[in-house]
Amino acid sequence: MTDLLYTEKDLVTSLKDYIRAEENKLEQIKRWADKLDSLTAAATQDPEGFLGHPVNAFKLMKRLNTEWGDLESLVLSDTSDGFISNLTIQRQHFPTDDDQTGAAKALLRLQDTYRLDANTISTGDLPGAIHKIHMTVDDCYELAKIAYTEVDYYHTELWMTQALKQLEEGEESNIDMVTVLDYLSYAIYQQGELDRALELTKRLLELDPEHQRAKGNLKYFEFQLEKQNKAEPDEDEDKKEQVTNKTTEKKQKKESRQTFSLIPERKKYEMLCRGEGIRMTPQRQSRLFCRYYDNKHNPKFLLAPVKQQDEWDRPYIVRYLDIISDTEMEKVKQLAKPRLRRATISNPVTGVLETASYRISKSAWLTEYDDPLIDKLNQRIEDLTGLEMDTAEELQVANYGVGGQYEPHFDFGRKDEPDAFKELGTGNRIATWLFYMSDVAAGGATVFPDVGASVRPKKGTAVFWYNLFPNGEGDYSTRHAACPVLVGNKWVSNKWIHERGQEWRRPYAVSSQTLVCVTLCTVFPLI
């Protein structure tokens with residue numbers, strides 16, 4: 001996206017060069033026309049007297065034989081070659097229709113997740129935004145058209161309504177009210193609101209009485225409404241019961257909202273992204289501390305211990321502050337940028353890596369062979385966690401642009417995914433280390449829906465948690481998600497640490513049930 005900005009800037013420069021060349025050409029033609037205008041005006045006053053001068057006669061012959069030919073060549077000359085050539089070269093880097101649709105979907109996803117109304121987005125009045133920009137009627141219309149193509153009538157209604165509002169406020173546009181009302185009435189009809197659809201259709205016909213589709217829709221909507229009204233008297237008795245049921249349902253919904261655990265995961269995820277529903281009680285909060293940490297007197301941290309703070313208690317998540325420098329972060333980004341590719345997920349059935357709509361980001365993998373810094377960072381993680389890095393995965397660098405997200409997922413392989421990391425031969429992912437390499441103006445938190453936890457990105461810090469219990473069982477409370485970036489740009493890099501090599505660094509914990517089983521099997525050996 002950054003490269004595209006520079007591409008567009010280059011095209012604007014090329015376009016200005018073309019405009020200057022055209023203006024220069026027109027200026028030459030204008031000077032020629034002005035000169036001849038005054039000359040011919042004077043000459044035609046006394047043609048014979050004018051041509052009686054031999055120089056005037058010679059110059060007339062010269063102009064008509066030579067100079068008008070030169071002017072013709074000037075008029076026919078094409079100054080657009082440079083601009084067209086540059087445009088043709090740059091066009092290969094332009095976004096496709098799929099890219100535009102993806103950007104539109106990202107905007108709609110942000111609208112839903114952060115509960116933003118269309119007018120807030122259209123005016124660019126987003127939290128944390130510095131470069132605010134206004135959406136035109138054409139922009140709103142195109143966004144609505146993309147939603148319409150995706151059979152998303154809810155968002156079609158929102159954005160056609162916004163386009164209509166801006167037209168009513170007097171904004172100039174190539175899109176007319178009739179076109180907007182046509183789409184809007186149909187989108188509302190598809191959502192079952194016949195009354196509103198009918199009113200908008202009537203309004204459309206006031207503007208364009210000969211609109212054929214609107215004429216047909218008017219008759220159809222009136223017929224459907226009449227049919228609906230006839231059926232209503234027979235349903236009066238049922239209505240009372242429905243009203244009672246609806247009242248009961250509302251009460252139940254209100255009660256369920258009070259119980260976070262009963263809310264569907266998607267809703268929890270979106271609530272946490274907005275900063276709602278965080279389940280940290282004052283009592284639990286009082287047990288979270290910050291400290292200077294040297295990992296059991298590790299020699300590297302004795303004189304300069306690192307700052308560590310508790311982010312959450314269950315699962316236990318810690319954050320390390322000022323753990324990676326600005327220079328190191330810029331170097332990691334510089335190494336990753338040429339390798340960034342659309343992020344993939346492991347198919348839970350086949351184990352094959354593939355792209356998915358619920359993970360929108362670009363990622364790259366870095367090893368110690370790419371730069372000594374990567375080895376230095378790996379060693380730093382090992383010194384702070386006490387875990388073996390030789391069996392860990394490579395350092396993954398990820399960039400989340402506007403709308404970038406990773407919906408709720410587990411980092412470890414579950415029991416129904418026995419082959420999740422089989423090809424690595426290093427066991428399951430025991431822990432996750434996550435560097436935050438940028439601040440995010442709005443959005444972009446890491447949330448844990450099952451426990452109501454939210455961790456905000458903070459540049460130069462890192463968070464760490466265990467995905468597995470000491471006995472090797474998966475900790476399902478670590479299911480987490482990367483919230484969509486609303487404003488800004490999110491850079492992270494993570495290290496997935498595996499079981500192999502941790503046998504003496506994080507010893508396997510024997511549960512009481514396992515201990516009973518081992519004892520019984522020893523006392524009563526199987527025959």
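All values derive from a computational prediction rather than experimental measurement.

J.: Which residues make up the overall build of the chain, and what are the values?
T.: The secondary structure content of the chain amounts to 17 helices and 18 strands. In the chain, which comprises 527 residues, the share counted as buried stands at 41%. Accessible area for the chain stands at about 31,600 Å²; split by element, carbon and sulfur atoms hold 54% of it.

J.: Please set out the packing of helix 5 (residues 97-113) against helix 7 (residues 137-149) residue by residue, giving values where relevant.
T.: The N-to-C vectors of helix 5 and helix 7 enclose an angle of 95°; their axes lie 10 Å apart at closest approach. By the criterion of interaxial angle, the relationship of helix 5 to helix 7 is roughly perpendicular. On helix 7, the residues that touch Q100, T101, A104, L107 and L108 of helix 5 are E142, L143, I146 and A147. Its residues assigned to classes, the contact of helix 5 with helix 7 shows six nonpolar, two polar and one charged.

J.: Go over the packing of aromatic side chains with me, naming the residues and quoting the values.
T.: Applying the stated rule across the entire model yields 21 aromatic pairs. Ring centres 6.1 Å apart and planes at 15° place the aromatic pair Y18 and F83 in the stacked group. Here Y18, found in helix 1 (residues 2-43), pairs with F83, found in helix 4 (residues 81-91); they are 65 residues apart in sequence, far enough to count as distant. We classify F83 as buried; its relative accessible area is 16%. On the basis of an interplanar angle of 85° and a centroid distance of 5.3 Å, the ring pair of F448 and W465 is categorised as edge-to-face. In this pair, F448 sits in strand 13 (residues 446-448) while W465 sits in strand 15 (residues 461-466), placing the two residues 17 residues apart along the sequence. Given the relative accessible area of 1%, W465 is considered buried.

J.: Would you mind going over the side chain of S14 in detail, with residue names and values included?
T.: Tracing the backbone shows S14 in helix 1. Under the relative-accessibility criterion, S14 is labelled buried at 12%. The contact partners of S14, leaving out residues within four places of it in the chain, are G82, F83 and N86.

J.: Go over the nonpolar core with me, naming the residues and quoting the values.
T.: The biggest cluster of nonpolar side chains holds 48 residues, and the ones touching the most others in it are Y114, W159, V180, V447, C483 and L486. Counting residues per element, this core draws most heavily on helix 7, which supplies seven residues. Judged by nonpolar contacts, the second largest core, of 36 residues, contains F301, L366, L377 and F412.

J.: Break down the sheet that holds strand 14 (residues 453-455) for me, with residues and values.
T.: With respect to topology, five strands assemble into an open sheet ordered 7-10-16-13-14, the strand pairing being antiparallel. Every other strand in the sheet has two partners, leaving strand 7 (359-360) and strand 14 as the edge strands with one partner each. With two bridges joining them, strand 10 (residues 405-409) and strand 16 (residues 480-482) adopt antiparallel strand pairing. Paired with H409 across the strands is H480, a residue of strand 16. Against the sheet, helix 13 (residues 265-273) touches strand 10, strand 13, strand 14 and strand 16, its axis set at about 130° to strand 10.

J.: Which residues make up the environment of A462, and what values go with them?
T.: Along the chain, A462 turns up in strand 15. In this structure A462 touches V318, R319, Y320, I323, W433, L434 and F435, once residues within four positions along its chain are discounted.

Quick notes on the rules
- Residues numbered from 1 in each chain as written.
- Predicted model: local features only at pLDDT ≥ 70, side-chain atom pairs only at ≥ 80, totals over all residues.
- Heavy atoms only, no water.
- Helix = DSSP H or I, 4+ residues; strand = E, 2+ residues; numbered from the N terminus.
- Buried < 20%, exposed > 50% of the residue type's maximum accessible area, 1.4 Å probe, protein only.
- Areas by Shrake-Rupley, 256 points an atom, 1.4 Å probe, with all protein chains shown as cover.
- Axes fitted to C-alpha atoms, helices over the stretch in contact; angles between N-to-C directions.
- Parallel < 35°, antiparallel > 145°, perpendicular 65-115°, else oblique.
- Contact = heavy atoms within 4.5 Å.
- Nonpolar A, V, L, I, M, F, W, Y, C, P; charged D, E, K, R; others polar.
- Phe/Tyr/Trp six-rings, centres within 6.5 Å; stacked < 30°, edge-to-face > 60°.
- Core = buried A, V, L, I, M, F, W, Y, C linked by side-chain atoms within 4.5 Å.
- Pairing = 2+ DSSP bridges.

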